[in-house]
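Chain by chain, the residues run as shown.
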Amino acid sequence: QVQLVESGGGLVQAGGSLRLSCAASANIFSFNTMGWYRQIPGKQRELVASFTSGGSANYADSVKGRFTISRDGAKNTVHLQMNRLEPEDTAVYYCNVLIIRLPWGTRTDYWGQGTQVTVSS
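**Q** If you had to explain the sheet that holds strand 3 (residues 18–24) to someone new, which residues and values would you point to?
**A** What the 4 strands build is an open sheet, ordered 1-3-8-7; its pairing is antiparallel. Looking at strand neighbours, the two that pair on one side only are strand 1 (4–7) and strand 7 (67–72), the edges of this open sheet. For this sheet the average axis-to-axis angle between neighbouring strands, irrespective of direction, equals 15°. Of the strand pairs in this sheet, strand 1 and strand 3 are connected by 4 bridges, and their pairing is antiparallel. Its bridge partner being in strand 3, Val5 is matched across the sheet by Ala23.

Next comes the structure, spelled out in structure tokens:
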């Protein structure tokens, strides 16, 4: 079982910045992927940014050039620096960890409690 604790959401004006953090209860380098998703009411949860276990970062097209994901192995924490925020970025942001267990390839997703990000125009 992996616990994820998020922090850093809030209200900001368009063009502003926020930094989200997600602290995991286990070694983040043991995860297959770790990152951030977001969800608007009535819509599907979508990937924002994530790391693979090999250290590659993936971003949604809508946030490329504005958001940066980083990780701190010593603190088992992943951060999401969000710059030039837009009203369309308003959502609940969830930290996610994916673990794929051998030998059967069993996939388990772990989720944080979610943190609200609101961008006013």
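We are not done yet, so read on.
**Q** Which residues make up the side chain of Thr77, and what are the values?
**A** Take Thr77: it is sitting in strand 8 (residues 77–82). Note on Thr77: relative accessible area 9%, which makes it buried. For Thr77, the side chain forms a polar contact with the main-chain oxygen of Lys75, separated by 2.8 Å. Beyond its immediate stretch of four places on either side in the chain, Thr77 contacts Ser21, Cys22, Ala23, Ile28, Ser70, Arg71 and Asp72.

**Q** Lay out the nonpolar core in plain terms, naming residues and giving numbers.
**A** Grouped together as the largest cluster of nonpolar side chains are 30 residues, with contacts concentrated most on Leu4, Met34, Trp36, Leu80, Met82 and Tyr93. The set of elements that each furnish at least two residues to this core consists of strand 3, strand 4 (33–39), strand 5 (46–52), strand 7, strand 8, strand 9 (91–101) and strand 11 (115–120). Counting residues per element, this core draws most heavily on strand 9, which supplies 5 residues. Residues contacting Leu80, with those up to four places away along its chain left out, are Leu18, Arg19, Leu20, Trp36, Val48, Ala49, Phe67, Thr68, Ile69 and Tyr93.

What counts, and at which threshold
Residues numbered from 1 in each chain as written. Predicted model: local features only at pLDDT ≥ 70, side-chain atom pairs only at ≥ 80, totals over all residues. Heavy atoms only, no water. Pairing = 2+ DSSP bridges. Helix = DSSP H or I, 4+ residues; strand = E, 2+ residues; numbered from the N terminus. Axes fitted to C-alpha atoms, helices over the stretch in contact; angles between N-to-C directions. Buried < 20%, exposed > 50% of the residue type's maximum accessible area, 1.4 Å probe, protein only. Polar contact = N/O pair within 3.5 Å; in protein donor to acceptor, adjacent residues only side chain to side chain. Contact = heavy atoms within 4.5 Å. Core = buried A, V, L, I, M, F, W, Y, C linked by side-chain atoms within 4.5 Å.

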